[in-house]
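# Coordinate analysis (summary)
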Amino acid sequence: MIGRLNHVAIAVRDIAKAAEVYRSTLGAAVSAVVPQPAHGVNTVFITLPNTKIELLEPIGADSPIAKFLERNPDGGIHHVCYEVDDILAARDRLKAAGARVLGDGTPKIGAHDKPVLFLHPKDFCGTLVELEQA
Ligand code: CO
């Protein structure tokens, strides 16, 4: 059911510093900072030949990644995003299998203007999983 790895998201405290590590030390193609106030984060997109890395920096104390950074002060992998051909069919199949879909199960528009859902880390090997409509 899942297809391509769309991105790996890494939560960071200082996105300018993190972007510089990817640009200078790792030699990657790094975007400018893209504020996403609706999601409570600033984002930097790093394009690799086969996938993307997204750096996430919290905006404000209510940011969904603020707690993650409290537990992981050096930053860390926050979630992985897999593409699916039909997000509603994927949701229904996962729910039928007993997996927990976060929120009310209605896909929201994600960072790439496509419908996304998040799956509970306890059901997926301790990893927060994002599904994105391909
Ligand atoms: Co994501």
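Figured I'd write up the structure that's included with this text. This one's a predicted model, so the numbers in the text were calculated from it and none came from an experiment. (Residues numbered from 1 in each chain as written. Predicted model: local features only at pLDDT ≥ 70, side-chain atom pairs only at ≥ 80, totals over all residues. Heavy atoms only, no water.)

The phi torsion at Asp113 lies on the positive side, around 60°, for a residue other than glycine. Looking at the element boundaries, Asp113 is found in the loop between strand E7 (108–109) and strand E8 (115–119). Residue Asp113 is classed as exposed on the basis of its relative accessible area of 64%. You will see that Cys125, though not glycine, has its phi angle at about 60°, which is positive. Here Cys125 is to be found in the loop between E8 and strand E9 (128–133). Overall, Cys125 belongs to the exposed group, its relative accessible area being 81%. (Helix = DSSP H or I, 4+ residues; strand = E, 2+ residues; numbered from the N terminus. Buried < 20%, exposed > 50% of the residue type's maximum accessible area, 1.4 Å probe, protein only.)

Attention now goes to the coordination of the cobalt ion. Within the protein, the atoms that donate to the cobalt ion are His7 (NE2), His79 (NE2) and Glu130 (OE), at distances of 2.0 to 2.1 Å. Considered as a linear motif, the donors of the cobalt ion on their single chain read H-x71-H-x50-E. Within this pair, whereas His7 is found in strand E1 (residues 5–11), its partner His79 is found in strand E6 (residues 76–84), the two being separated by 72 residues in sequence. A relative accessible area of 5% means that His79 is categorised as buried. (Donors = N, O, S within 2.8 Å, 3.2 Å for Na, K, Ca; no water.)

Tallied over the entire structure, the rule returns 4 salt bridges. The shortest N-O distance in the salt bridge between Arg4 and Glu83 comes to 3.5 Å. Of the two residues, Arg4 is situated in the segment before E1 and Glu83 in strand E6; the sequence distance between them amounts to 79 residues. Judged by its relative accessible area of 51%, Arg4 falls in the exposed class. (Salt bridge = Lys/Arg side-chain N within 4 Å of Asp/Glu carboxyl O.)

Right, let's talk about helix H3 (residues 87–96) for a bit. Burial in H3 covers these residues: Ile87, Ala90, Arg91 and Leu94. Each buried residue of H3 lies within a common arc of 100° when the element is viewed along its axis, so the set occupies one face. H3 presents Arg93 and Ala96 as exposed residues on the side facing more than 90 degrees away from its buried surface. Close packing links the buried residues of H3 with E6, E8 and E9. Here H3 starts with a cap whose side-chain oxygen sits 3.1 Å from the backbone nitrogen of Leu88, and that cap is Asp86. Just downstream of H3 lies Gly98, where phi reads positive at about 90°. (Arc of directions from axis to C-beta. Contact = heavy atoms within 4.5 Å. Polar contact = N/O pair within 3.5 Å; in protein donor to acceptor, adjacent residues only side chain to side chain.)

For the rest of this paragraph, the subject is the layout of surface pockets. In this structure, the largest pocket spans a volume of roughly 710 Å³. Lining the largest pocket we find 32 residues, and of these Pro64, His78, His79, Phe118 and Leu128 sit closest to its centre. At the level of elements, strand E4 (41–47), strand E5 (52–58), helix H2 (66–71), E6, E8 and E9 are the ones that each hand at least two residues to the lining of the largest pocket. For the lining of the largest pocket, the residue count by class is 15 nonpolar, 11 polar and 6 charged. (1 Å grid on protein atoms, 1.4 Å probe; cavity = no way out; pocket = protein on both sides within 12 Å on 5 of 7 lines; lining within 4 Å. Points joined across faces, edges and corners; volume = space filled by probe spheres on them. Nonpolar A, V, L, I, M, F, W, Y, C, P; charged D, E, K, R; others polar.)

E9 sits mainly inside the fold: 5 of its 6 residues count as buried. Here E8 runs beside E9; their pairing, made up of 4 bridges, is antiparallel. The residue of E9 that forms the bridge with Phe118 is Glu130. (Pairing = 2+ DSSP bridges.)

Any link to function would need more than the numbers given here.
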